[in-house]
Amino acid sequence: MEKLIIEGGTPLNGEVVISGAKNAVLPLLAATLLADGKMTIKNVPRLRDVNTTIRLLQGMGVSVKVNDDYHITTDTSTISSYVAPYELVKTMRASILVLGPTLARYGEAEVSLPGGCAIGSRPVNIHLSGLEAMGAEITVHEGFIRARAERLKGTRIVMDKVTVTGTENLLMAAVLAEGTSILEHAACEPEVVDLANCLNQMGANIIGAGTPTIVVQGVERLHGVNYTVLPDRIETGTFLAAAAITRGRVKTLGAAPGTLDSVLQKFREAGAAVETGEDWIELDMRSRTLKSVDITTDPHPGFPTDMQAQFMAMNAFAQGIGVVVETIFENRMMHVAELMRMGANIRLEGNTAIVAGMPDLYGAPVMATDLRASASLILAGLAAKGKTTVDRIYHTDRGYEKIEVRLQQLGAKIERVNN
Ligand code: UD1
């Protein structure tokens, strides 16, 4: 099994180019199911989840071409199946994103019911009740969601929790529904806005994306476009955290500073000098020790749950006590026990972690339990004294493109081994 071996203690220094956003490209690839004819997505990150989505679309009979620059061109004219099988859904919950567009365009869809995962139970009830409200007939049988509808009908849907993929699924269903749909309590995440921008270019009529109320006027059909994925804000934040935790200086290029306001504010509170331009962010720690910060995760524009684990690692090395509260997922503190194996001083009370910063942590063998937990352990390893071995890095590869190569370019002593 592949592992990362990190020799900690080198301040990172340099520039890194940010990839397209994982959480934007997955719904965009699902949205290609809505296009009559060909559609091309650019700035696609080379990630395991993208490969899984390609396999999912190919399994449905969609023709998918990946060119040398990793631009992905799809053609739905060959579609022959409306099924997302268990083998793929179990490795990537975001497979649920094909449900809305497939049902809206083809009148039927079957998607294996995603189970729980390492960070919580993660139900899809809001996706299903929203589609039912639009007139779909939905049954859940033998672990499969089966949805049918001749043509979905626009309606007002009030989601009782803010759900990112739930909002995206209902948005992709509403664009081809008859009449007007109003999505209330919608997720405001930048990836939802990116999807809406793409759908509008394809001929949809959506207003209000990025606010809690999205209004969609249904249309008869959508056409293919060339669309460039927005930069990954979580990858950006993770590289900036690598600079902060090693007391270094890193400039992220091709970034979208406007998508990271709450995170940049916390970096500044932690003592970092942060500068931004139109498409870059530079974080300079000026060799100073981090200060602890309190974090409470929230839907956008609040502090993202996908940056919680990275800030936990930063707090473990900081001066003072930081309180980290996770409000989105019920079981997203698995990195705490691993950080403690490296000497972190953290008390966990339910979904609240009280972190007393230590001057030093010490390298140890640790195990990644989910994608962002793996980022947290890599960060801790970069700053700890001695050697850290991070196991189960297949989690890392789901969301970070060639992480070790890019960290090496910033001066990190990190390598991938296979044993
Ligand atoms: C997306 C992101 C993930 C991020 C998360 C929260 C993608 C592919 N993944 O996941 O990286 O951590 O948003 O920002 O974009 N919920 C329900 N019923 C539902 C749907 C959700 O109760 O039908 C609950 C979930 O259990 C969770 C909360 O709502 O407690 C938010 O989840 P949601 O926003 O749906 O997360 P994802 O879209 O799966």
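Residues numbered from 1 in each chain as written. Predicted model: local features only at pLDDT ≥ 70, side-chain atom pairs only at ≥ 80, totals over all residues. Heavy atoms only, no water.

Describing the overall build of the protein
Logical step 1: Looking only at helices and strands, the protein has 14 helices and 26 strands in total.
Logical step 2: For a compact globule of 419 residues, the expected C-alpha radius of gyration is about 22 Å, and the protein comes in at 21 Å, within 12% of that figure.
Logical step 3: Along the first, second and third principal axes, the C-alpha atoms of the protein reach 65 × 45 × 45 Å.
Logical step 4: For the protein, the share of sequence-separated contacts (at least 6 apart) that also reach a separation of at least 24 residues comes to 72%.
Logical step 5: With the model as given, the accessible surface of the protein reaches about 16100 Å², and the carbon-plus-sulfur share is 48%.
Logical step 6: Computed over 40 positive and 46 negative side-chain charges, the separation of the two mean positions in the protein equals 4 Å. (Helix = DSSP H or I, 4+ residues; strand = E, 2+ residues; numbered from the N terminus. Rg over C-alpha atoms; globule rule 2.2 N^0.38 Å. Contact = heavy atoms within 4.5 Å. Areas by Shrake-Rupley, 256 points an atom, 1.4 Å probe, with all protein chains shown as cover. Lys, Arg positive; Asp, Glu negative; His and termini not counted. Charge placed at Lys NZ, Arg CZ, Asp CG, Glu CD.)

Brief notes about the layout of surface pockets
Once rolled over the atoms, a probe with the size of a water molecule shows which space is left empty.
Logical step 1: Put simply, the second largest pocket is a space of about 250 Å³.
Logical step 2: Lining the second largest pocket are 17 residues, with Ile245, Thr246, Arg247, Phe317 and Ala383 positioned closest to its centre.
Logical step 3: By residue class, the composition of the lining of the second largest pocket is eight nonpolar, five polar and four charged. (1 Å grid on protein atoms, 1.4 Å probe; cavity = no way out; pocket = protein on both sides within 12 Å on 5 of 7 lines; lining within 4 Å. Points joined across faces, edges and corners; volume = space filled by probe spheres on them. Nonpolar A, V, L, I, M, F, W, Y, C, P; charged D, E, K, R; others polar.)

Looking at the pairing of strand β21 (residues 321-325)
Looking along a regular strand, one sees the side chains alternate between the two faces of the sheet.
Logical step 1: The two faces of β21 differ: Gly322 and Val324 on one face are buried, but Ile321, Val323 and Val325 on the other face are not.
Logical step 2: Judged from the two bridges that link them, strand β20 (residues 295-296) and β21 form a sheet pairing that is parallel. In the strand pairing of β21, isoleucine 295 is matched with valine 324.
Logical step 3: For the crossover that starts at β20, traverses helix α10 (residues 308-316) and ends in the parallel β21, the hand is right-handed.
Logical step 4: In terms of strand pairing, β21 meets strand β23 (residues 352-356) through five bridges, oriented antiparallel. Bridged to glycine 322 within β23 is valine 355. (Buried < 20%, exposed > 50% of the residue type's maximum accessible area, 1.4 Å probe, protein only. Pairing = 2+ DSSP bridges. Right-handed = clockwise from strand over helix to strand, strands pointing away.)

A short note on the packing of helix α8 (residues 233-245) against α10
Logical step 1: Viewed as axis vectors pointing N to C, α8 and α10 meet at an angle of 5°, and their least axial separation amounts to 10 Å. When the axis of α8 is compared with that of α10, the two are roughly parallel. Two secondary-structure elements touch here, α8 through Ile234, Thr238, Ala241, Ala244 and Ile245 and α10 through Gln310, Ala313 and Met314.
Logical step 2: Considered class by class, the residues forming the contact of α8 with α10 number six nonpolar, two polar and no charged. (Axes fitted to C-alpha atoms, helices over the stretch in contact; angles between N-to-C directions. Parallel < 35°, antiparallel > 145°, perpendicular 65-115°, else oblique.)

Let's talk about the packing of α10 against helix α11 (residues 334-341)
Logical step 1: It is the contact of α10 with α11, at a shortest axis distance of 10 Å, that shows an interaxial angle of 25°. One way to sum up the angle between α10 and α11 is to call them roughly parallel. In this structure, α10 crosses over α11, and the sense of that crossing is right-handed. Residue-level contacts link Gln308, Ala309, Met312 and Ala313 of α10 to His335, Val336 and Leu339 of α11.
Logical step 2: Here the contact of α10 with α11 is built from residues that sort into five nonpolar, two polar and no charged. (Left-handed = near helix turned anticlockwise from the far one by under 90°.)

Concerning the sheet that holds strand β12 (residues 180-184)
Logical step 1: Spatially, four strands are ordered β11-β12-β14-β13 in an open sheet, and the strand pairing comes out mixed. The open sheet has two free edges, formed respectively by β11 (156-158) and β13 (205-207), since each of these has just one partner strand. For this sheet the average axis-to-axis angle between neighbouring strands, irrespective of direction, equals 15°.
Logical step 2: Here β13 pairs with strand β14 (residues 213-217) via three bridges, running antiparallel. Each residue of the ladder has a partner; that of asparagine 205, found in β14, is glutamine 217.

As far as function goes, none of this settles anything; it's purely spatial.
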